[in-house]
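# Tertiary structure, described
What follows is each chain in one-letter form.
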Amino acid sequence: MKVMTFESISKYRTQLMGVAMLSVFLFHSIGGDWMPKCIHHIASHGAIGVDIFLFLSAMGLSYSLTQNPDIVSFYKRRVWRIMPTYWFIMTGVYLFVYVLTAAHIMPEAYYRIPRSIYEFVQTYTTLGYWIKDGLFYLWYIPAILLLYLLFPFIFKLFTSCKWMYILTLLPAAVITFCSLALEWYHGCLLYRIGIFLWGTIFTIEFIFKGCRVKRGVVYGIGFLSLLFYIVRIEMGFDVFCRLVEEALFFITLPCILVCITWLCRNNVFSVATKFVGRISLEFYLIHEFVMRFMETISNFILTMSPMVQKLMALIVSLALAYLVHEVMSVLMDKFSGKKKKSA
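Residues numbered from 1 in each chain as written. Predicted model: local features only at pLDDT ≥ 70, side-chain atom pairs only at ≥ 80, totals over all residues. Heavy atoms only, no water.

A few words on a nonpolar patch on the surface. Among the surface-exposed residues, Phe223, Leu224, Leu227, Phe228, Val231, Met235, Phe237, Val239, Phe240 and Val244 lie close enough to one another that they form a single nonpolar patch of about 980 Å² accessible area. Looking at the nonpolar patch, the element that brings in the most residues is helix α10 (residues 215-235), giving six residues. Of note, Leu224 is situated in helix α10. The class of Leu224 is exposed, set by a relative accessible area of 55%. (Patch = residues over 30% accessible without salt bridge, like charges linked within 9 Å, V, L, I, M, F, W, Y side chains within 5 Å. Areas by Shrake-Rupley, 256 points an atom, 1.4 Å probe, with all protein chains shown as cover. Salt bridge = Lys/Arg side-chain N within 4 Å of Asp/Glu carboxyl O. Helix = DSSP H or I, 4+ residues; strand = E, 2+ residues; numbered from the N terminus. Buried < 20%, exposed > 50% of the residue type's maximum accessible area, 1.4 Å probe, protein only.)

Here is the structure:
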């Protein structure tokens, strides 16, 4: 029987990020009675796209740190990739909301924006995420910054001691056996620490070491797992505790991703998902606000059906994300050029 490695996940990593981002968009689109019931059930679990994104991010970070183990350089690259784009989009959103509320198009309480220097500091540093009732723009950025901060130490720990792999299931054990009174946005991070750690372990053990597995086993587990999850969602089964659920998901996710890479052999699918994957950060930062804006337009200016709202939100979000990506790429290139010349 033919054997294979999991290199296809690395090869199509950008496309898989695009699939993950579209899954998150679908999850955020479930409001309104416009989806067929079967699709609605699946879309309601679309937040799994964030798990996939973190798994793939851990893979990318592992490659990056292996190629250049300098921690200071690692941090600079991560901050340089995220924060300028985050500040740019966040500022644009806040200015836009301020104009809309001043023009009485959007209600004052519809979208919270900074009203003091203290709140501006919270949002622009992301510290508001860690402060009780603090102000921040989207939970994902402060959460991923924390994981980036810890990653070099996590990677060193995992490469030096395999016993530390047990840490991967620690968050799931805490969720299962401890009663925690968490804010929803802190729960979003806790629920996904495990998959981030697993992405690091998987890269070390199955990618870097070139672990070979029977092709039929990989595709069989991937297809049957995907089928199992779909049937389970449609039937409404929820029988496993978080600890068992996490372990099962860890085992099956790489195989599912390999199965999805089969779709990437279709040129149209590959090009489309690669496009979304390249602008996934910008798309994530923009799309939820665009959805809210489309709701505002529908409520105050031009009535639109929920389906039209979501379709317009998708088109506008992709267009704005691409525009921001290109603008920030040019600005960052120019700034980097100036820094090199001055150096």
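All right, on to the environment of Ile42 then. Within the secondary structure, Ile42 is located in helix α3 (residues 37-43). Accessibility expressed as a relative area gives 38% for Ile42, which makes it partly exposed. Remark: the alpha-carbon pair of Ile42 and Tyr110, spanning 68 residues in sequence, is separated by 29 Å. Those residues in contact with Ile42 that lie beyond four places of it in its chain are Ile230, Ile233 and Glu234. (Contact = heavy atoms within 4.5 Å.)

Attention shifts here to the packing of aromatic side chains. Taken as a whole, this structure holds 30 aromatic pairs when the rule is applied. With 5.5 Å between their ring centres and 85 degrees between their planes, Trp184 and Tyr185 make a pair best called edge-to-face. Joined through ring pairs, the aromatic side chains of Phe6, Phe55, Trp198, Phe202, Phe206 and Phe250 make up one cluster. Over the aromatic face of Phe74 sits the side chain of Arg78, whose NZ or CZ is 5.1 Å from the ring centroid. Lying across the ring of Trp262, Arg265 places its NZ or CZ 3.9 Å from the centre. (Phe/Tyr/Trp six-rings, centres within 6.5 Å; stacked < 30°, edge-to-face > 60°. Lys NZ or Arg CZ within 6 Å of the ring centre and 35° of its normal.)

A few words on the side chain of Gln122. On the secondary structure map, Gln122 appears in helix α6 (residues 117-125). In contact with Gln122, other than residues within four places in its own chain, are Leu127, Gly128, Ile131, Gly134 and Leu135.

Before going further, it helps to spend a moment on the nonpolar core. Counting 91 residues, the largest nonpolar core has Tyr137 and Trp139 as the members making the most contacts within it. The contact partners of Trp139, leaving out residues within four places of it in the chain, are Val50, Tyr129, Trp184, Tyr185, Cys188, Leu189, Arg192 and Tyr284. (Core = buried A, V, L, I, M, F, W, Y, C linked by side-chain atoms within 4.5 Å.)

So, about helix α4 (residues 48-67). Taking 1.5 Å of rise per residue, 20 residues should cover 28 Å, and α4 covers 29 Å from first to last C-alpha, within 8% of that figure. Of all 20 residues that make up α4, 16 are buried, and the element is covered over most of its length. (Expected span 1.5 Å × (residues − 1).)

Bringing helix α2 (residues 13-28) into the picture now. Over its 16 residues, α2 extends 23 Å from the first C-alpha to the last, a length consistent with the 22 Å expected when each residue adds 1.5 Å. Where α2 is concerned, the buried positions are Gln15, Leu16, Met17, Gly18, Ala20, Met21, Ser23, Val24 and Phe25.

Turning our attention to the environment of Cys255. Tracing the backbone through its elements, the reader meets Cys255 in helix α11 (residues 242-261). Taking the relative accessible area as the measure of exposure, Cys255 reaches 6% and is therefore buried. When residues no more than four places from it in sequence are discounted, the contact partners of Cys255 are Val218, Ile221 and Gly222.

In total, this model carries eight salt bridges according to the counting rule given. A salt bridge links Arg278 to Glu326; the shortest N-O distance between them is 3.9 Å. Of this pair, Arg278 sits in helix α12 (residues 267-278) while Glu326 sits in helix α14 (residues 306-342), placing them 48 residues apart in sequence. According to the relative accessible area criterion, Glu326 is partly exposed, its value standing at 30%.

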